[in-house]
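# Coordinates in review
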Amino acid sequence: MNQPAIIILTENSLDVAKKIQKALGHGIIYGSPKRTQSADLTYDNFGDTVRELFQTGTPIIGVCAAGILIRTVAPLLINKWQEPPVLAVAEDGSAVVPLLGGLQGVNDLARKIAQFLQVSPAITTTGELRFKTALLSPPKGYKLINPDDAKTFISDLLAGEQVKLLGNAPWLENSQLPFSEQGKLTIEIVDKPDIDTFETRGDRLIYQLESSPEITGKLAIIGTGPGSLYWLSPQVREVLENASDWVGYKTYLDLVEFLRKPEIIRHESDNRVELNRAETALDLAAQGRSVVLISSGDPGIYAMASAVFEVLETKAKPEWEAIAIQVCPGISAMQAAAARVGAPLGHDFCVISLSDILKPWDVIINRIELAAQADLAMAFYNPVSQKRTWQLDQAKQILLKWRSPQTPIILARNLGRKGETVTVKILEQLTIKDADMRTIILIGNSQTRIINQSQNQQWIYTPRHYPPFPKEPVYLYPGGPT
């Protein structure tokens, strides 16, 4: 499908248009040269441009009144199976209205935009609202072979008839369709329909499986970044949207819920069952499904990528051998925290988790001691939990043996999410009350500087160059945070 065309009439609509562009990860903003100055492309005639885009199958998002879009494309409404998505978005972003293209994913498009704008999409497709699935627009791998029967079928379904399912279709099994063995309506999943005996009937829908002879499952292990949608990579977004199943900790699944299509099955679990979660994802992929295992941050840093490969090695089920595994990187919390204040990790640094659940505390102490002695900047993950309330203070005491009490530290909590806080202190001020499991702590080395760009802007950075290593520590801090 072509990149969406985001059409604005005046410069006042540009802010919302750019937000839509960010929400989708792509899109071209069209504007009139007489009324806009900052569009990606310009058009001479609104109507001609919209109709040309419509006829080429381009999704159209008009930041304008719904009426002007409806009147413009009305003469072209011939075949609903070929209509591209058409949406109207209010100039102030207060409303997102899908108009056309229900069979080409207009409602999914509306959900993405509305989620980003923090409003509710005006979805009016009764069947999708009631049954949480789109029968006319099945997911990848399924093809509706008798669409002419769908109108009568869906009308009867909405009137209260029940339906029985013949065959395997997880996207339907997890919907809210009124299934019953005694249902008068039938949904049938077939490998190959018998065209010779096929007859048009309004009481059944038939979906053909469109699988290759050798079914190879896929498992993508992804990182969503610390929390902000701005930090979600285009690769991760594409993988999420094309999956059949999402697997993950509930909190992380919720972060990207706005991208989930009705047919994508969500498998949520508790945060402390990483190995079980990894095995579930592998088992689903072994069934030929396209599975995404969701982590926050980067999946390879204290997250699910390592868990998957651990399970893959220790359990080594034969059916897992053919799975195509992909690891999609994300922005880590330490990168996001560093970016908020400047470049405190601008030279050599290390990352240490203060959690002793998976490694002994003696190992953690030893690593902090050696890293401090080597004058590495540090990032502490998992600094304090409800049951671990003393480790952070011990780590501080070790650091003070090798670092100046004036060493800059950064405490970043809920990065990219509601309630984000970023606090700059000096090492001697660090207390247990400063942190929890949602906090990451960055600690400078002997060269880390705090500078003022202006009266209102302070930055922290670690220089790229490094002086000869002294026999005794030499502290060069300009007095700590102001």
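## Overview of the environment of tyrosine 43
- One can find tyrosine 43 in the loop between strand 3 (41–42) and helix 2 (46–55).
- Assessed through its relative accessible area of 5%, tyrosine 43 is described here as buried.
- For the pair tyrosine 43 and tyrosine 30, spaced 13 residues apart in sequence, the C-alpha separation works out to 6.7 Å.
- When sequence neighbours within four positions are dropped, the list of residues in contact with tyrosine 43 reads Ile7, Ile8, Leu9, Tyr30, Gly31, Ser32, Pro33 and Thr49.
- A distance of 2.9 Å separates a polar side-chain atom of tyrosine 43 from the backbone oxygen of isoleucine 8.

## Remarks on the sheet that holds strand 17 (residues 349–353)
- Across the sheet, five strands lie side by side as 17-18-21-19-20; this open sheet has mixed pairing. Looking at which strands have only one partner, the edges of the open sheet turn out to be strand 17 and strand 20 (421–426). Adjacent strand axes in the sheet meet at a mean angle of 20 degrees when their direction is disregarded.
- Bridging between strand 18 (residues 377–381) and strand 21 (residues 439–443) involves three bridges; their strand directions are antiparallel. Residue pairing for strand 21: phenylalanine 380 is matched across the bridge by isoleucine 441.
- Taken strand by strand, helix 13 (residues 361–373) contacts strand 17 and strand 18, and its axis lies near 165 degrees from that of strand 17.
- Sheet strands touched by helix 14 (residues 391–400): strand 18 and strand 21. Its angle to strand 18, the strand with the most contacts, is close to 170 degrees.

## Here we look at the confidence of the model for the chain
- When pLDDT is averaged along the chain, the result is 88, and 94% of the positions lie at 70 or above.
- Per-element confidence in the chain ranges from a low mean pLDDT of 80 for helix 5 (residues 126–131) to a high of 96 for strand 11 (residues 218–223).
- Low pLDDT, under 50, characterises residues 473–482; the predicted model gives this stretch 28 contacts beyond four residues in sequence or across chains.

## Some words on unusual backbone geometry
- In this structure, tyrosine 302 takes a positive phi of about 50 degrees despite not being glycine.
- Residue placement: tyrosine 302 occurs in the loop between strand 14 (290–295) and helix 11 (304–314).
- Notably, alanine 316 is not glycine yet its phi reads approximately 45 degrees, a positive angle.
- Counting through the fold element by element, alanine 316 comes out in the loop between helix 11 and strand 15 (324–328).

## A word on the sheet that holds strand 6 (residues 96–100)
- If you walk across this open sheet you meet the six strands as 3-2-1-4-5-6, and the pairing is mixed. The open sheet terminates on both sides in strands that have one partner only, identified here as strand 3 and strand 6.
- The pairing of strand 2 (residues 28–31) with strand 3 spans two bridges and is parallel. From the neighbouring strand, tyrosine 30 faces strand 3, where its bridge partner is leucine 41.

## Points about the side chain of threonine 72
- Tracing the sequence through the fold places threonine 72 in helix 3 (residues 66–73).
- The class for threonine 72 is buried, based on a relative accessible area of 7%.
- Not counting residues within four places of it along the chain, the set of residues in contact with threonine 72 comprises Phe46, Gly47, Val50 and Arg51.

## Some words on the packing of helix 2 against helix 3
- Between helix 2 and helix 3, whose axes approach to 9 Å, the crossing angle comes to 65 degrees. Regarding the angle of helix 2 to helix 3, the classification is roughly perpendicular. Where helix 2 crosses over helix 3, the handedness of that crossing is right-handed. Residues Phe46, Gly47, Val50, Arg51 and Phe54 of helix 2 form the contact with helix 3, whose participating residues are Ile68, Leu69, Thr72 and Val73.

## A closer look at the packing of aromatic side chains
- Within the structure shown, the criterion is met by seven aromatic pairs.
- On the numbers, 5.8 Å between centres and 90 degrees between planes, the contact of phenylalanine 116 with tyrosine 230 is edge-to-face. Residue phenylalanine 116 is located in helix 4 (residues 106–117), and its partner tyrosine 230 is located in the loop between strand 11 and helix 8 (234–241); the two are separated by 114 residues in the primary sequence.
- Residues tryptophan 171 and tyrosine 207 carry aromatic rings whose centres are separated by 5.4 Å and whose planes lie at 90 degrees to one another, so their mutual orientation is edge-to-face. Of this pair, tryptophan 171 sits in helix 7 (residues 170–173) while tyrosine 207 sits in strand 10 (residues 204–209), and the two are 36 residues apart along the sequence.
- Under the relative-accessibility criterion, tyrosine 207 is labelled buried at 0%.
- Taken together, the ring pairs in this structure connect Tyr142, Trp171 and Tyr207 into an aromatic cluster.

## With respect to the pairing of strand 1 (residues 5–8)
- Neither face of strand 1 is exposed, since Ala5 and Ile7 on one face and Ile6 and Ile8 on the opposite face are all buried.
- Of the pairings in the sheet, the one linking strand 1 to strand 4 (residues 60–63) comprises four bridges and is parallel in character. Note that in strand 4 the partner of isoleucine 6 across the bridge is isoleucine 61.
- Pairing analysis gives four bridges linking strand 1 to strand 2, with the strands arranged parallel. For isoleucine 8, the partnering residue across the bridge sits in strand 2 and is glycine 31.
- For the segment spanning strand 1, helix 1 (residues 14–24) and strand 2, crossover handedness is right-handed.

Thresholds applied
- Starting afresh in each chain, residues are numbered from 1 along the sequence in its written order.
- This being a predicted model, a pLDDT of at least 70 is required before a residue's local features are given, and a value of 80 or more before pairs of side-chain atoms are given or counted; all residues contribute to the totals for chains, interfaces and linings.
- Note that water and hydrogens are dropped before the side-chain values are worked out from all heavy atoms of the structure.
- We count a stretch as a helix when DSSP gives it H or I for four or more residues in a row; a strand needs E for two or more, and each element gets its number in order from the N terminus.
- Residue exposure (1.4 Å probe, protein chains only): buried if accessible area is under 20% of the type maximum, exposed if over 50%, otherwise partly exposed.
- Residues are treated as being in contact if the distance between any of their heavy atoms lies within 4.5 Å.
- Definition of a polar contact: a pair of N or O atoms within 3.5 Å, with one able to donate and the other able to accept a hydrogen when the atoms are protein atoms, and with sequence-neighbouring residues admitted only if both atoms are side-chain atoms.
- Strands pair, by our definition, only if DSSP identifies at least two bridges between them.
- The axes used here are C-alpha line fits, helices contributing only the stretch in contact, and every angle between their N-to-C directions lies in the interval 0 to 180 degrees.
- The pLDDT score gives, residue by residue, the confidence of the prediction method on a 0 to 100 scale.
- In these notes the angle categories are as follows: under 35 degrees is roughly parallel, over 145 is roughly antiparallel, 65 to 115 is roughly perpendicular, and the rest is oblique.
- Should the near helix be turned anticlockwise from the far one by less than a right angle, the crossing is termed left-handed; should it be turned clockwise, right-handed.
- Only Phe, Tyr and Trp rings take part, Trp by its six-membered ring, and two of them pair if their centres are within 6.5 Å. Stacked means planes under 30 degrees apart, edge-to-face means over 60, and tilted covers everything else.
- Here, the term right-handed applies to a crossover whose path from the first strand over the helix to the second runs clockwise when the strands point away from the viewer.

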